[in-house]
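Understanding the architecture of this molecule
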Amino acid sequence: MPVGIFRVCLVVITAIVNHPLLFPKENGTVPENTEEIIQKMKEREESLRLEQLRLEQEIAEQEATQKALEKAAEVVEESKEEKVRWDMWTALSLVIFLLIELWRQDFQEGNWQDAGGEEDDMTVLGKAFKGVAFPNKAVLASFYEKRILGTTGDMARMREMVEGFADDLLEALRSVCNRDADMEVEDCMGVGSMYENWRVRKPFVCDLIVPFAPPEPYCFRSQTWCSGDSFPPDEQGYGTIKVCRADEDVTGCICDKTKLGEDMLCLLHSQANTTRHSTEMEDLLCFKNTQYLDADQVMKWFQIAVTKAWNRISHKYEFDLSFSLLDSPGALKIKFRSGKSIAFNLTPVVQYENSDVYFISHFPRSGLAADLPSSTHWFLTFAVYERRFIQLVSKTLPANACHVSCLQILSFLHGKQCSLTGPSGLTNYHLKTVMLHLLQACPSQDWAPEKLEARLQDMLKFLEKCLHEKKLYHFFIGNGKVPAELGFPIIFQRAEPLNLFRPFVLQREVYRKTVDTFHEMLRNMSALINEYTVHIPLAHANGIHKESL
């Protein structure tokens, strides 16, 4: 019995212990869960592998990019170093070139007035003269006596007649003008070749300039290219003229220079005052909406005033007066009933400060101011000082000096050549400038009448040199050797020399035509002179000789 009970109890205990609800088997689902875990682990491993590959690829790309950037930086650094070295050498070369060029120009400008007095300089010139037949003293003297003196004898009577009529015309002009509103016209002055006694080619034309000033209480305030403000190279030799009230501050009101806001007003200048001021300026021949004197407006006013003046006095004369040239507003012509005529130019000018330098709007026939930058730019003329300089130097020269004769012969030859081959870039003003330079450079005794041949050759050589270098400096501007007796303004003496041949640098065709005309003139010189020369006896006929300079 106890053994049976023990067995029963053992069975019960065994059943209880092995019952799944009481002690569940921990590894009962192991086989099934293990496969899932393994599958997940494989998927995780594959994703990690792919991630590793991606990361390795990104790292490789970053390293390649870094290497490329480092290489580019090295290339840039090398190029910068090379560029710095190249820029350094370029700058150094440019500085050396500029120093050489500045030294050359300073050397030339320091000695440009001594060219005529140095024999070494003359020996390197005159290449165009090789093989050219040059007339001797006997032929030149005969030519000058027959062709030049024979045609210039009436100039004095013509000047006297024109000046007398111009004075009468200007007096009538003052009477027809409103003294309170119109410009005030002063007495005229004769300038140019007719008053310096070297004009040779007909028709003889007198050049008269007429200074004028604004009515009270206005005044002119001028500004030139050498007064301190920067002017472009093509505006050198020009200036502007501002019309101001005599009591007006030079600096002017700030409202003229500063843009005021829409809600701001100037207490001194209201809108009505501005409109009235603009109208007053236009009445004073200023450019529209400015205070600057307009050359075109001045010439229109002057033409109208001259016409009114002539209508007032025309009954006193037995001839007609008319404007002769459209491109020269001041060109007038007197027509007699016999058919003869006399031409002269009456051009209004503005005085520069208290000197005899004048602002001129138009240069008749000379071409010096053919291309004005604008109608408010006025060209400066030194014609009065040029005439005075010639008169001053003539007092120190021998009797019957040949300086005027040289200029007359050269002017005649050039004019004759231009009539055959067409106009060139050379003007009579250029030829006169050459003579002025040589007058200052050569000793007084070198201008004796028997040295006409040598001085004419010097002028031609000097002109050839200037054409070759494309440099012919204005005689007065930048010339520190102007005689003090002339009272020439110091501001122009201290200015940079003005190259009259600067257009040749920009206009190659004009330059080539000018040089060709000059060489053709040299080749034809003997024929042109012989055409107007009387017969020379055989004793003096050794007049044409070859010059090899």
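Fair warning: this is a prediction, and the values are worked out from it, not measured in the lab.

**Some remarks on the overall build of the chain**
Counting its secondary structure elements, the chain contains 15 helices and 12 strands. Accessible surface for the chain amounts to roughly 32,200 Å². Of this, 56% is attributable to carbon and sulfur atoms.

**Some remarks on the nonpolar core**
Judged by nonpolar contacts, the single largest core of 114 residues is most densely connected at L169, L293, F344 and L346. Aside from chain neighbours lying at most four places away, what touches F344 is V162, F165, V205, C206, L208, L321, G330, A331, L332 and I334. Ranked by size, the runner-up nonpolar core spans 9 residues in total, among them Y358, I360, F379 and A383.

**Considering helix 8 (residues 295-313)**
Across its 19 residues, helix 8 extends 27 Å between first and last C-alpha, which sits within 8% of the 27 Å expected from 1.5 Å per residue. The set of residues buried in helix 8 consists of A295, V298, M299, W301, F302, A305, V306, A309, W310 and I313. Take helix 8 and look down its axis: the buried residues cluster within an arc of 165°, on one side only. Summarising the geometry of helix 8, the exposed residues directed more than 90 degrees from the buried face are K300, I304 and N311.

**Comments concerning the pattern of salt bridges**
Oppositely charged side chains are able to pair whenever their charged atoms sit close together. Per the stated rule, a full pass over the model turns up 14 salt bridges. A salt bridge links R512 to D516, with the nearest nitrogen and oxygen atoms 3.6 Å apart. Here R512 and its partner D516 are both found in helix 15 (residues 508-531), 4 residues apart, which amounts to about one turn of the helix. A relative accessible area of 40% means that D516 is categorised as partly exposed. Residues joined in a network through salt bridges with shared partners are E51, R54 and E58.

**Details of the packing of aromatic side chains**
Under the defined criterion, the tally for this structure stands at 28 aromatic pairs. An angle of 10° between the planes, with centres 5.9 Å apart, marks the rings of W310 and F319 as stacked. Judged by relative accessible area, W310 falls into the buried class, the value being 11%. Between F488 and F492 the ring centres are 6.1 Å apart and the planes differ by 50°, which places this aromatic pair in the tilted class. Note on F488: relative accessible area 8%, which makes it buried. Residue classification places F492 among the buried positions, given a relative accessible area of 0%. Taken together, the ring pairs in this structure connect W225, Y352, F359, F382, Y385, F389, F475, F476, F488 and F492 into an aromatic cluster.

**Some thoughts on a nonpolar patch on the surface**
There is a patch of nonpolar side chains on the surface, built from L92, I96 and I100 and spanning about 270 Å² of accessible area. As for its placement among the helices and strands, I96 is situated in helix 2 (residues 30-111).

**A look at the environment of Q297**
Within the element layout of this structure, Q297 appears in helix 8. The exposure class assigned to Q297 is partly exposed, which follows from its relative accessible area of 31%. Here the alpha-carbon distance between Q297 and L284, two residues 13 residues apart in the chain, equals 9.1 Å. With residues up to four places along the chain from it excluded, the contact list for Q297 reads L285 and C286.

**Considering the packing of helix 12 (residues 452-469) against helix 15**
Where helix 12 meets helix 15, the closest approach of the two axes is 11 Å, and the angle between their N-to-C directions is 155°. Comparing the axis directions of helix 12 and helix 15 gives the class roughly antiparallel. With respect to the hand of their crossing, helix 12 and helix 15 are arranged in left-handed fashion. Contacts from L460, L463, E464, L467 and H468 of helix 12 reach helix 15 at Y511, T514, F518, M521, L522 and M525.

**A look at the side chain of T433**
Structurally, T433 is set in helix 11 (residues 428-441). When residues no more than four places from it in sequence are discounted, the contact partners of T433 are L472, Y473, F475 and L500.

**Notes on the packing of helix 10 (residues 403-421) against helix 12**
Direction vectors running N to C along helix 10 and helix 12 enclose 55°, while the axes themselves pass 9 Å from each other. By the criterion of interaxial angle, the relationship of helix 10 to helix 12 is oblique. Taken as a pair, helix 10 and helix 12 cross one another with a handedness that is right-handed. Seen from helix 10, the contacting residues are S405, C406, L407, I409 and L410; seen from helix 12, they are L452, R455, L456, M459 and L460. Along the lines of polarity and charge, the residues of the contact of helix 10 with helix 12 split into 8 nonpolar, 1 polar and 1 charged.

**Topic: the side chain of N479**
Along the chain, N479 falls in the loop between helix 12 and helix 13 (490-493). Given the relative accessible area of 0%, N479 is considered buried. Of the polar contacts made by the side chain of N479, one reaches the backbone oxygen of F475; its length is 3.0 Å. Of the polar contacts made by the side chain of N479, one reaches the backbone nitrogen of K481; its length is 2.9 Å.

Calculation criteria
- Residues numbered from 1 in each chain as written.
- Predicted model: local features only at pLDDT ≥ 70, side-chain atom pairs only at ≥ 80, totals over all residues.
- Heavy atoms only, no water.
- Helix = DSSP H or I, 4+ residues; strand = E, 2+ residues; numbered from the N terminus.
- Areas by Shrake-Rupley, 256 points an atom, 1.4 Å probe, with all protein chains shown as cover.
- Core = buried A, V, L, I, M, F, W, Y, C linked by side-chain atoms within 4.5 Å.
- Buried < 20%, exposed > 50% of the residue type's maximum accessible area, 1.4 Å probe, protein only.
- Contact = heavy atoms within 4.5 Å.
- Expected span 1.5 Å × (residues − 1).
- Arc of directions from axis to C-beta.
- Salt bridge = Lys/Arg side-chain N within 4 Å of Asp/Glu carboxyl O.
- Phe/Tyr/Trp six-rings, centres within 6.5 Å; stacked < 30°, edge-to-face > 60°.
- Patch = residues over 30% accessible without salt bridge, like charges linked within 9 Å, V, L, I, M, F, W, Y side chains within 5 Å.
- Axes fitted to C-alpha atoms, helices over the stretch in contact; angles between N-to-C directions.
- Parallel < 35°, antiparallel > 145°, perpendicular 65-115°, else oblique.
- Left-handed = near helix turned anticlockwise from the far one by under 90°.
- Nonpolar A, V, L, I, M, F, W, Y, C, P; charged D, E, K, R; others polar.
- Polar contact = N/O pair within 3.5 Å; in protein donor to acceptor, adjacent residues only side chain to side chain.

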